[in-house]
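Spelled out from the first residue to the last, the chains are:
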Amino acid sequence: MKKKNKFGLATRALHVGNEPDPTTGAIIPPIFQTSTYVQAAPGEHKGFEYTRTHNPTRRRLEACLASLENADFCVTTSSGMAATMLIMQALPANSSVLCGDDVYGGTFRLFTTVSNDRHKFNFVDTTDLKKVEKALKEFKPKLVWAETPTNPLLKITDIKGLCDLAKKYGAMVVVDNTFMSPYFQNPLTLGADFVVHSLTKYINGHSDVVGGAIMLNDKKMHEKLYKLQNSIGPCASPFDSWLVLRGVKTLAVRMEAHQKNAMKIATWLEKNANVESVVYPGLKSHPQHKIAQKQMSGFGGMITFFIKGGLKESRQFLKSLTFFSLAESLGGVESLIEHPAIMTHASIPLANRLKIGITDNLIRISVGIEDCDDLLQDLEQAFESTY
Ligand code: P1T
């Protein structure tokens, strides 16, 4: 495994890009909340002309995030979707793209209703490398897009296996690493060409920023993405960059706490008589548990489960909770719960949803870092009010 960084991730999350301000010694770097920079004479400046192009706070965040994914470069964006859009824009027109069949609803919507003007998309179950190889031969994609674990079904793709195959057929690989965060998984180290994150989730961790990032090692591609970023304009704002720089400092401790609670809750749900089945990468019953153990250093804070019954039971259960807020999004310190079919994945046509298993009794939990006993009691009382 290639490892470029001499310091551990928790140290890098705190110190890379977070160096004290050189002019004042302030331990916390200032927010350069400015749109423009004064020039002494036309074209004579200190390397900063306009904030869409450069901003010192954003630059600090990019240095930190590149380091966390063992990458040479990072481009931050105004949302996770903007990061995805930039990559689509960086591909030559009329590229073939092969995408996992279970991805965030917004990614599916972008590919099937916006970027399909420019590229040709095909979808495949990336957990099945035989199907992937067949699709690589048939569609000759320029790019393979994989989420692992997937949103919301938590299916796991063998990243190294996928990247080896893609290379054989001349395709680049993007891994959306939002669910694991750089703390539990580093796809570039396993052969991916790009890592994408919604910073909105674990990296920021406090549900107060929408942001995105692309991490990569290819200098030319970085220049291309950076130019696109500047031309199109979906850059991360100085204040959002500063908030993420602050949030990411605790990534290591937060991820450990999320995982500890998630493991307890998944185990508890698996024994619950009102639950049909539970999907959590840390459970032995997870179909790709062995791959998870191989490529992830932890199993994360996301759980998906199938409640007994249908929409009626799901609705009643979701309405009855106190500490699990019914809301889209994930990865914040507070627990969230949602109904993918009606909420995050509503933009996927019903037939596609049913084909991959997003049914009306599917519930997704983003386990927070509250006291686990309180979370378990909350779930217990919601089951009692449902059945
Ligand atoms: O919301 P935004 O920052 O634009 O990120 C989009 C995105 C990209 N990739 C994954 C895996 C995601 O889960 C998301 C956003 N997801 C949700 C809002 C959600 O509740 O699933």
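Cut-offs used in this document
- Residues numbered from 1 in each chain as written.
- Predicted model: local features only at pLDDT ≥ 70, side-chain atom pairs only at ≥ 80, totals over all residues.
- Heavy atoms only, no water.
- Helix = DSSP H or I, 4+ residues; strand = E, 2+ residues; numbered from the N terminus.
- Rg over C-alpha atoms; globule rule 2.2 N^0.38 Å.
- Buried < 20%, exposed > 50% of the residue type's maximum accessible area, 1.4 Å probe, protein only.
- Contact = heavy atoms within 4.5 Å.
- Areas by Shrake-Rupley, 256 points an atom, 1.4 Å probe, with all protein chains shown as cover.
- Lys, Arg positive; Asp, Glu negative; His and termini not counted.
- Charge placed at Lys NZ, Arg CZ, Asp CG, Glu CD.
- Salt bridge = Lys/Arg side-chain N within 4 Å of Asp/Glu carboxyl O.
- Axes fitted to C-alpha atoms, helices over the stretch in contact; angles between N-to-C directions.
- Parallel < 35°, antiparallel > 145°, perpendicular 65-115°, else oblique.
- Left-handed = near helix turned anticlockwise from the far one by under 90°.
- Pairing = 2+ DSSP bridges.

1. Some points on the overall build of the chain
Here is step 1 of the chain: A count of helical and extended segments in the chain gives 14 helices and 12 strands.
Here is step 2 of the chain: What you see for the chain is a C-alpha radius of gyration of 21 Å, in line with the 21 Å of a compact globule of 387 residues.
Here is step 3 of the chain: Principal axes of the C-alpha set define a box for the chain whose edges measure 75 × 50 × 35 Å.
Here is step 4 of the chain: Out of the 387 residues in the chain, the part that is buried amounts to 56%.
Here is step 5 of the chain: The contacts of the chain with a sequence gap of at least 6 include a subset with a gap of at least 24, amounting to 72%.
Here is step 6 of the chain: Carbon and sulfur atoms form 56% of the exposed surface of the chain, whose accessible area is close to 16500 Å².
Here is step 7 of the chain: Mean positive and mean negative side-chain charge positions of the chain (44 and 38 charges, respectively) differ by 6 Å.

2. Some remarks on the pattern of salt bridges
Here is step 1 of the chain: One pass over the full model with this rule turns up 8 salt bridges.
Here is step 2 of the chain: Between lysine 155 and aspartate 101 there is a salt bridge; the shortest N-O distance is 3.2 Å. You can see lysine 155 sitting in the loop between strand S4 (143-147) and helix H6 (159-168) and its partner aspartate 101 sitting in the loop between strand S2 (96-100) and helix H4 (105-113), a full 54 residues away along the chain.
Here is step 3 of the chain: Residue aspartate 101 is classed as partly exposed on the basis of its relative accessible area, which comes to 24%.
Here is step 4 of the chain: When the shortest N-O distance is used, the salt bridge between arginine 364 and glutamate 338 registers 3.2 Å.

3. Side note on the packing of helix H5 (residues 129-139) against H6
Here is step 1 of the chain: Interaxial distance between H5 and H6 falls to 10 Å at its minimum, and their mutual angle equals 20°. Taken together, H5 and H6 sit at an angle that is classed as roughly parallel. Of the two elements, H5 crosses H6, and the hand of that crossing is right-handed. Listed contacts from H6 to Leu129, Val132, Glu133 and Leu136 of H5 are Gly161, Leu162, Leu165, Ala166 and Lys168.

4. Considering the sheet that holds strand S5 (residues 172-176)
Here is step 1 of the chain: Spatial ordering of the open sheet is given by S1-S7-S6-S5-S4-S2-S3, a layout of 7 strands whose pairing is mixed. This sheet does not close on itself; its edge strands, each paired only once, are strand S1 (73-77) and strand S3 (120-124). Between one strand axis and the next, the sheet turns by 20° as a mean value, whatever way the strands run.
Here is step 2 of the chain: Note: S2 against S4, 3 bridges, orientation parallel. Bridging from a neighbouring strand, leucine 98 pairs with valine 144 of S4.
Here is step 3 of the chain: Packing against the sheet, H4 makes contact with S2, S3 and S4, and its axis sits at approximately 140° to S3.
Here is step 4 of the chain: Running at roughly 165° to S2, H5 makes contact with S2, S3 and S4 of the sheet.

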